[in-house]
Amino acid sequence: MTGMPTLDSPELTRLRRRMLEDFVAARGIQDPLVLRAMEKVPRHLFVDEALRERAYGDYALPIGDKQTISQPYIIAQTTQALELQGGEKILEIGTGSGYQSAILAQIVDHVYSLEKIPQLARRARKVLDLLGCHNVAIRILDGTYGWKEEAPFDAILVSAVSDSIPGTLLDQVAEGGRLVLPLEEGASQHLVRLQKTGADWKKEVLGPCRFVPLIGSAP
Ligand code: SAH
């Protein structure tokens, strides 16, 4: 990013509303907390200046280091899947651009976010500070280990795909809490929600999805 970015403009606000209508609400996202948060957060600030006009398109965009900012619909689908009411404490694995952290920060009380690539974490921090998202804490760490000192969390969102559920993360979910993550099976990926009730977990498969790989070493 060069210089002081355009925080917002009537044209960008218009593009953002159209993104929400055409690519998010039209596909069944109805949670008013999610829609309101996505209307408020200027998504264009989370991509490079040169890609700003494309920030409101129906696709993921590169953010450097072979990573991407997720497609608007994916952000909405995963956030809605967390079934937030407001006031929660959330753990996010894979800060990336910080866009999803900013969306979560509008809804919940505390967002704890882990990113393994230092330069992405640092850039996300800058944009979140610019937007005044002071309820987001970021650490540069392998997120598969979770954030033990802050556990348990009302919900955990994993923004990168793996072929198994990291057990360490399950241990950090509060009673009644949720873990939402993409899981890979052969060539396909599905978004899965696990809800903790006592010693049991309720598992729901929410639909197909597409994420970059989770690269971590926790069991
Ligand atoms: N939701 C993000 C996109 C996340 S892309 C956004 O809105 O921009 C997935 C991110 O997960 C990448 O930045 C990648 O570096 C990170 N990642 C992958 N494996 C990880 C791990 N084990 N721990 C922490 N971050 C990880």
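Structure first, text after, so check above.
So, here is what we can say about the structure in this document. Nothing here was measured: the structure is a model prediction, and the numbers come from that model.

**Here we look at the overall build of the chain**
Now for step 1: Broken down by element type, the chain carries six helices and nine strands.
Now for step 2: Dimensions along the principal axes, computed over C-alpha positions, put the chain at roughly 50 × 35 × 35 Å.
Now for step 3: For the chain, long-range pairs separated by at least 24 residues make up 56% of all intrachain contacts whose partners lie at least 6 apart in sequence.
Now for step 4: For the chain, the exposed area adds up to about 10100 Å²; of that, 52% sits on carbon and sulfur atoms.

**Observations concerning the nonpolar core**
Now for step 1: Ranked by size, the top nonpolar core spans 51 residues in total, and within it Met38, Phe46 and Tyr99 carry the most contacts.
Now for step 2: Looking at this core, the elements with two or more residues in it are helix 1 (10-24), helix 2 (32-40), strand 1 (61-64), helix 3 (72-81), helix 4 (99-107), helix 5 (118-130), strand 5 (136-140) and strand 6 (153-158).
Now for step 3: Top element by residues in this core is helix 4. It accounts for six residues.
Now for step 4: Among all residues touching Phe46, those that are not within four sequence positions of it are Val41, Ile63, Ile69, Ser97, Gly98, Tyr99, Ala102, Val127, Leu128 and Leu131.
Now for step 5: Listed in part, the 18 residues of the second largest apolar core include Ile93, Leu114, Val192 and Leu194.

**Quick notes on the site of the ligand**
Now for step 1: Neighbouring residues of the ligand: 26 residues in total, closest Ser97, Glu115, Asp142, Gly143 and Ile215.
Now for step 2: A distance of 3.4 Å separates an oxygen atom of the ligand from a polar atom in the backbone of Gln100.
Now for step 3: The separation between a nitrogen atom of the ligand and a polar main-chain atom of Lys116 is 3.3 Å.
Now for step 4: Against a free-state accessible area of 580 Å², the protein chains account for coverage of 99% of the ligand.
Now for step 5: Of all the elements, strand 2 (residues 67-69) adds the most residues to the shell around the ligand, at three residues.
Now for step 6: Looking at the shell around the ligand residue by residue, the class counts come to eleven nonpolar, twelve polar and three charged.

**A word on the packing of helix 1 against helix 2**
Now for step 1: The geometry of helix 1 relative to helix 2 is characterised by a closest axis approach of 9 Å and an angle of 145° between their N-to-C directions. Once helix 1 is placed against helix 2, the crossing between them reads as right-handed. Each of Arg16, Arg17, Met19, Leu20 and Val24 in helix 1 lies in contact with helix 2, whose residues at this interface are Leu35, Met38, Glu39 and Lys40.
Now for step 2: Of the residues assigned to the contact of helix 1 with helix 2, the class counts are five nonpolar, no polar and four charged.

**Section: the sheet that holds strand 5**
Now for step 1: The mixed open sheet is built from seven strands, whose spatial order is 5-4-3-6-7-8-9. Both outer strands of the open sheet, strand 5 and strand 9 (200-208), are each paired with one neighbouring strand and no more. Shown here is a sheet whose adjacent strand axes are inclined to one another by a mean of 15°, direction ignored.
Now for step 2: Along the sheet, helix 3 contacts strand 6, strand 7 (173-185), strand 8 (188-197) and strand 9; its crossing angle with strand 8, the most-contacted strand, is approximately 20°.
Now for step 3: Most of the contacts of helix 5 go to strand 5, to which it runs at about 165°, and overall it touches strand 4 (110-115) and strand 5.

**Here's the deal with unusual backbone geometry**
Now for step 1: The amide bond that connects Ala151 to the next residue, Pro152, takes the cis arrangement and shows omega of 5°.
Now for step 2: The phi torsion at Asp65 lies on the positive side, around 55°, for a residue other than glycine.
Now for step 3: Considering the arrangement of structural elements, one finds Asp65 in the loop between strand 1 and strand 2.
Now for step 4: One non-glycine residue with positive phi stands out, namely Lys66, at about 60°.
Now for step 5: Position of Lys66 among the secondary structure elements: in the loop between strand 1 and strand 2.

**Digging into the pairing of strand 1**
Now for step 1: Bridging between strand 1 and strand 2 involves three bridges; their strand directions are antiparallel. Of the residues in strand 2, the one forming a bridge with Pro62 is Thr68.

**Here we look at the environment of Arg16**
Now for step 1: Tracing the chain through its elements places Arg16 in helix 1.
Now for step 2: Once residues lying within four places of it in the same chain are set aside, the contact partners of Arg16 are Asp8, Met38, Glu39, Lys40, Val41, Pro42, Arg43, His44 and Tyr56.
Now for step 3: Of the polar contacts made by the side chain of Arg16, one reaches the side chain of Asp8; its length is 2.6 Å.
Now for step 4: One polar contact links Arg16 to Tyr56, side chain to side chain, over a distance of 3.0 Å.

Conventions and cut-offs
Residues numbered from 1 in each chain as written. Predicted model: local features only at pLDDT ≥ 70, side-chain atom pairs only at ≥ 80, totals over all residues. Heavy atoms only, no water. Helix = DSSP H or I, 4+ residues; strand = E, 2+ residues; numbered from the N terminus. Contact = heavy atoms within 4.5 Å. Areas by Shrake-Rupley, 256 points an atom, 1.4 Å probe, with all protein chains shown as cover. Core = buried A, V, L, I, M, F, W, Y, C linked by side-chain atoms within 4.5 Å. Buried < 20%, exposed > 50% of the residue type's maximum accessible area, 1.4 Å probe, protein only. Near = heavy atom within 4 Å. Polar contact = N/O pair within 3.5 Å; in protein donor to acceptor, adjacent residues only side chain to side chain. Nonpolar A, V, L, I, M, F, W, Y, C, P; charged D, E, K, R; others polar. Axes fitted to C-alpha atoms, helices over the stretch in contact; angles between N-to-C directions. Left-handed = near helix turned anticlockwise from the far one by under 90°. Pairing = 2+ DSSP bridges.

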